[in-house]
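Okay, here's what each chain looks like letter by letter:
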There are 2 protein chains.
Amino acid sequence: MSEDERAVARERVIESMEQSAEVYGLSRSAGRIYGVLYFFEEPLSIPELVDETGYAKSTISNVTRTLTRVGLIRRRSSKGGGRRVQYTAEREVWFILQDVFQQYVQREIQTTLRTIQRAQAQLPDDSEPEAERIEELRDTYEDLQEILSLVSEFTAAELRDALESYDR
Amino acid sequence: MSEDERAVARERVIESMEQSAEVYGLSRSAGRIYGVLYFFEEPLSIPELVDETGYAKSTISNVTRTLTRVGLIRRRSSKGGGRRVQYTAEREVWFILQDVFQQYVQREIQTTLRTIQRAQAQLPDDSEPEAERIEELRDTYEDLQEILSLVSEFTAAELRDALESYDR
DNA sequence: CAGTTTATTCGGCTTACTCCGAACAAACAA
DNA sequence: TTGTTTGTTCGGAGTAAGCCGAATAAACTG
């Protein structure tokens, strides 16, 4: 009974991860591969992931690359057992989120902010309504940038605490 | 010179919005339509948006629907001037973000959390390592849920202040 | 060395998305 | 009523993405 039940529970959670992956702009296969790695104690090689997931070798190769780039899994080249590369899941979800925010959202905000600033600099102060609109945008984006850079230094528990204890 | 310069500045910012739209999973057209509405004082009808953007009527119709659903623009039926529906941009970016988090991210987290809880309930306590893994997941997701629901009550300035003044 | 195992790259198939134009529907104007 | 304006829906063309299998490359084993 034990192994069976565990497999069912695992499968449910992994399916949920597939779905989440789609919501956040990754492929279903990425969700599954991450999920399988999430539950495995030991690092897995590509052939092992092929066995576990049923995906083609090439798919595993491509998806592991993007998962590594995004920071969801880690690659370790273990020359040891003859197998060459192995992957483990980054299980600290909070770290993953911080990474994503830092890598993508912050970056996105920064380039937008630069565009806004350039547009603003080149625009006479009195040109309504554009000047006002752009000014508003800049303020918001500067707030966002500051918030994100602050959040990147918090743990989840700290952030929660900071919000709960804040008195307006 | 004035109108010309303003048009250039507007165009730059709108192009940047097109790009952001893509990053966040919307189409380029969605970014442009939002951008055009963002800078216009008065609400615009679909034919006017066709003129301003160059997109086909059907495209405007479809994209405005999704933009409305997401909360980026608002639809008002003005029976007044013969034109039937008109759109305005929601310019408070912070509200938009809160909306998105509430509608999509919170929802996503909630369904995931439910799945995790079900899997956990149905799993004997001593079934390592699954039980531990699922327990970790649940904790993180509960933190996330709490953080998001707290953030939804903050303004951007308040959030910034809360983070800046928090002392560990 | 040849043979085996592993990882990446390439071309192709299928599916999904974006956008368009045409057809249709609904409200108004004469 | 007929004609006009506006909005939605539908089918299709072009394009991008996911995944596969085969070919290739690179490292180890005998």
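Per an unreviewed UniProt entry, chain A carries the name HTH-type transcriptional regulator and comes from Halorubrum rubrum. UniProt, in the comment section headed Sequence similarities (unreviewed entry), describes chain A in these words: "Belongs to the GbsR family."

### Focus on the interface of chain A and chain B
Each side of the interface is counted separately: chain A has 58 residues, and chain B has 59 residues. Summed over both sides, the interface of chain A with chain B buries roughly 5,700 Å², with 64% coming from carbon and sulfur. Area buried by chain A at its contact with chain B is led by Arg-133, Leu-163 and Tyr-166 of chain A, which between them contribute 12% of it. At the surface where chain A touches chain B, the tally comes to eight salt bridges. Of all the elements in the fold, those that place two or more residues in the side of chain A that touches chain B are α1 (2-23), α2 (28-39), α5 (93-121), α6 (130-151) and α7 (156-165) of chain A. The leading source of residues in the side of chain A that touches chain B is α6 of chain A, at 13 residues. Considered class by class, the residues forming the side of chain A that touches chain B number 29 nonpolar, eight polar and 21 charged.

### Quick look at the protein's contact with DNA strand C
Near DNA strand C, the surroundings consist of 20 residues, among which Arg-65, Arg-75 and Arg-84 of chain A together with Ser-29 and Thr-59 of chain B are the closest. Counting only the atoms of DNA strand C within 4 Å of the protein, the fraction contributed by sugar and phosphate is 60%. Contacts to DNA strand C include Ser-58 of chain B, whose side-chain N or O atom sits 2.8 Å from a base oxygen. Of all the secondary-structure elements, those providing two or more residues to the surface near DNA strand C are α3 (46-53) and α4 (57-70) of chain A together with α2 (28-39) and α4 (57-70) of chain B.

Reading the values: rules and limits
- Residues numbered from 1 in each chain as written.
- Chains lettered and ligands numbered in written order.
- Predicted model: local features only at pLDDT ≥ 70, side-chain atom pairs only at ≥ 80, totals over all residues.
- Heavy atoms only, no water.
- UniProt positions renumbered as here; feature names shortened; annotations may be inferred.
- Contact = heavy atoms within 4.5 Å.
- Buried area = accessible area lost by both parts, 1.4 Å probe.
- Salt bridge = Lys/Arg side-chain N within 4 Å of Asp/Glu carboxyl O.
- Helix = DSSP H or I, 4+ residues; strand = E, 2+ residues; numbered from the N terminus.
- Nonpolar A, V, L, I, M, F, W, Y, C, P; charged D, E, K, R; others polar.
- Near = heavy atom within 4 Å.
- Polar contact = N/O pair within 3.5 Å; in protein donor to acceptor, adjacent residues only side chain to side chain.

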